[in-house]
Amino acid sequence: MTATPILEARQLVKRFPVKGGLLGKARSWVHAVDDVSFAIAAGESLGVVGESGCGKSTTARLLVHLLEPDAGTILLDGRPIGVTNGVPLTQARRQIQMVFQDSFASLNPRLTVEASVAFGPRVHGVSQREATERARSLLARVGLEPDRFAGRYPHELSGGQRQRVNIARALALQPRVVILDEAVSALDKSVEAQVLNLLLDLKAEFGLTYVFISHDLNVVRYMSDRVMVMYLGKIAELGPVASIYDDARHPYTRALLSAMPSMNPRRRTTQAPLAGDPPNPIDPPPGCRFKARCRHAEEVCGQGDIQLYAAGEAHRVACLMDQPRAGHSHSAKAVVP
Amino acid sequence: MNLTATLPAVVPARPAQGYWRSVLGRLVRDKVAMFCAFMLLAIVLIAIFAPWLAPYDPAAASMLKRLQPIGTEGHLLGTDELGRDLMTRLMYGGRLSLVMGIGPVVLAFVIGSLLGVTAGFAGGMVNTSIMRTVDVFYAFPSVLLAIAISGALGAGLVNALVSLTIVFIPPIVRVAESVTTQVRSLDYVEAARASGAGNAVIIRLHVLPNVVGPIFVYATGLVSVSLILASGLSFLGLGVKPPLAEWGLMLNTLRAAIYSNPWVAALPGLMIFTVSICCNLLSDGLRQAMDVTR
């Protein structure tokens with residue numbers, strides 16, 4: 001990528017203390033996001049997949065600055081956010097918006113739909129009349145007739161309608177990047193498809209950049225240009241959607257893909273691709289995080305940090321098997337691209 | 001598929017009905033709550049207009065007409081141990097008793113909500129310091145605490161009011177803190193923060209409207225407790241002093257007549273009971289009316 005990415009994360013780290021002991025001192029730390037770096041080009045959709053607890057949502061919350069990273073920086077248009085000489089935080093907030101998973105919890109039950117959508121612009125100094133106007137036109141744009149829906153309260157809407165309101169709310173600040181944190185996961189399939197198509201239309205119309213977080217691999221494939229696979233707070237694999245889905249390198253990605261439900265009976269899986277739960281993210285051991293569940297794990301996998309390695313053009317994978325001379329018995333076969 | 005285009009006039013634009021108006025609508029349909037509200041309103045009005053409604057002077061004693069039974073001519077509800085008309089004294093007594101029942105709860109509601117919402121929203125050290133201080137008060141049974149504070153401050157109406165307020169602040173802080181902590185972590189507060197809103201706006205628009213209801217319902221339930229505690233303080237001589245009329249105090253002075261004239265002696269207690277149960281039932285109705293189904 002030669003152009004400056006619209007949003008870039010550099011070595012993001014977020015740990016949560018595990019309280020314990022007499023005085024509630026942090027005894028140990030959950031490594032929710034551990035040294036994660038990636039860049040998103042303007043107009044791109046980056047899909048983020050992984051099991052629950054792998055750090056997808058924490059990454060999202062770091063990107064919108066709902067959480068402060070313990071280390072690392074987030075850059076908007078190549079400029080760091082929230083530091084002197086960088087992008088001011090309020091500016092960044094206007095440009096990066098988020099849609100949450102729980103459509104009910106993300107709307108204030110005491111505000112009408114219109115007031116919820118108009119809230120963001122109001123905060124940023126837009127007049128009441130103009131904010132309301134913008135809210136109404138956005139509601140119309142997401143498929144909710146303002147004359148019928150503007151005055152309603154969240155509990156009077158269906159899940160799909162509420163999520164449309166949430167999308168309108170995120171767009172009300174005219175952001176350039178929208179982070180969709182499991183935004184369609186709670187919807188039933190037919191509604192999910194409608195909302196996904198709406199999201200694609202909106203992306204084209206407003207020139208948006210999406211970070212699309214989901215555990216549904218089919219949905220991610222449909223929505224994304226590139227895919228980032230996360231495992232226990234680290235990036236396992238990152239690459240264009242075609243090469244991830246057709247040429248997955250990391251054993252974890254392969255396991256995820258083989259667990260994907262398929263319409264083709266011949267591709268039906270008969271055995272579980274992975275055994276066990278992901279290991280405890282509290283103070284994880286050194287080396288590859290996946291080694292405990294990986295059938296190719298060897299002794300070298302437990303030594304040192306595994307870096308992302310180029311496994312093809314724009315395809316990065318954090319597995320020793322794809323690194324020549326890494327000491328793994330498979331790594332001899334790896335080729336330098 | 002555009003359904004809205006095909007039915008333009010069938011579904012008219014619904015006027016935005018406020019949340020509190022819809023709560024009121026549901027409350028009005030609750031017969032029990034409405035009956036209780038009516039009773040309370042009647043009692044409050046009678047207490048307010050006691051000087052015009054009462055047949056006698058509440059302090060006018062008559063040695064000849066002591067402890068008359070209910071239904072005595074001229075004294076419909078009988079007389080007390082000093083021959084004062086009981087109906088008059090019940091009407092006047094309602095004034096002080098209601099002040100003692102509602103006053104501390106209103107004060108504690110304001111102060112307690114302020115502290116609780118602050119603790120819940122700020123979290124961390126602020127939360128810990130406020131909540132642990134409150135826990136100290138929790139260590140004492142409420143009656144004991146009220147008596148202790150009243151005893152330390154000395155008898156009197158204002159001191160009883162202050163001591164009851166102090167007694168009711170801790171439970172309200174607890175409720176306010178727990179509701180606020182719940183609301184604070186909800187996605188809509190996060191979304192508001194993500195759109196760049198400051199804490200003041202978030203609290204005013206997103207937190208307060210969502211926590212004030214549950215705290216208010218809890219506080220209305222405390223009115224009956226306050227009334228009983230206030231009566232208890234008066235009974236012990238720590239609240240209102242004779243010859244002032246107050247239900248608790250009347251219960252105290254009339255207890256000598258409990259064997260000779262039980263019905264008359266029980267009347268102030270009956271008033272306390274009626275107001276308490278009406279408050280509790282109204283509070284229950286309010287909670288049901290405020291419960292918005294998802």
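This section reports on the structure supplied with the text. (Residues numbered from 1 in each chain as written. Chains lettered and ligands numbered in written order. Predicted model: local features only at pLDDT ≥ 70, side-chain atom pairs only at ≥ 80, totals over all residues. Heavy atoms only, no water.)

Comments concerning the interface of chain B and chain A
Taken together, the contact between chain B and chain A spans 27 residues of the former and 29 residues of the latter. The partner of A:R61 in a salt bridge is B:E190, and the shortest N-O contact between them spans 2.3 Å. Here chain B is connected to chain A by 10 residue pairs in polar contact (both at pLDDT 80 or more). For the side of chain B that touches chain A, the secondary structure elements donating two or more residues are α9 (187–194) and α10 (199–235) of chain B. Here the element with the most residues in the side of chain B that touches chain A is α9(B); it accounts for 7 residues. Among the residues making up the side of chain B that touches chain A, the classes are represented as 14 nonpolar, 8 polar and 5 charged. (Contact = heavy atoms within 4.5 Å. Salt bridge = Lys/Arg side-chain N within 4 Å of Asp/Glu carboxyl O. Polar contact = N/O pair within 3.5 Å; in protein donor to acceptor, adjacent residues only side chain to side chain. Helix = DSSP H or I, 4+ residues; strand = E, 2+ residues; numbered from the N terminus. Nonpolar A, V, L, I, M, F, W, Y, C, P; charged D, E, K, R; others polar.)

Some details on α9(B)
All names here are of chain B. In terms of burial, α9 is a largely internal element, 7 of the 8 residues being buried. Buried within α9 we find D187, Y188, V189, E190, A191, A192 and A194. Where α9 terminates, the next one or two residues include G196, which has phi positive at roughly 95°. (Buried < 20%, exposed > 50% of the residue type's maximum accessible area, 1.4 Å probe, protein only.)

Brief notes about the sheet that holds strand β12 (residues 315–317) of chain A
Residue and element names in this part refer to chain A. Taken in spatial order, the 8 strands of this open sheet run β6-β7-β8-β3-β9-β10-β12-β11, and their pairing is mixed. With partners counted over all chains shown, the strands left at the sheet margins are β6 (96–99) and β11 (309–312), one partner each. Taken pair by pair, the neighbouring strands of this sheet meet at an average axis angle of 20°, ignoring direction. Relative to strand β9 (residues 226–231), strand β3 (residues 45–49) is paired through 4 bridges, and the arrangement is parallel. Bridging across to β9, L46 finds its partner in R226. Here helix α1 (residues 56–63) sits on the sheet in contact with β3, β6, β7 (177–181), β8 (209–213) and β9, set at roughly 155° to β7. (Pairing = 2+ DSSP bridges. Axes fitted to C-alpha atoms, helices over the stretch in contact; angles between N-to-C directions.)

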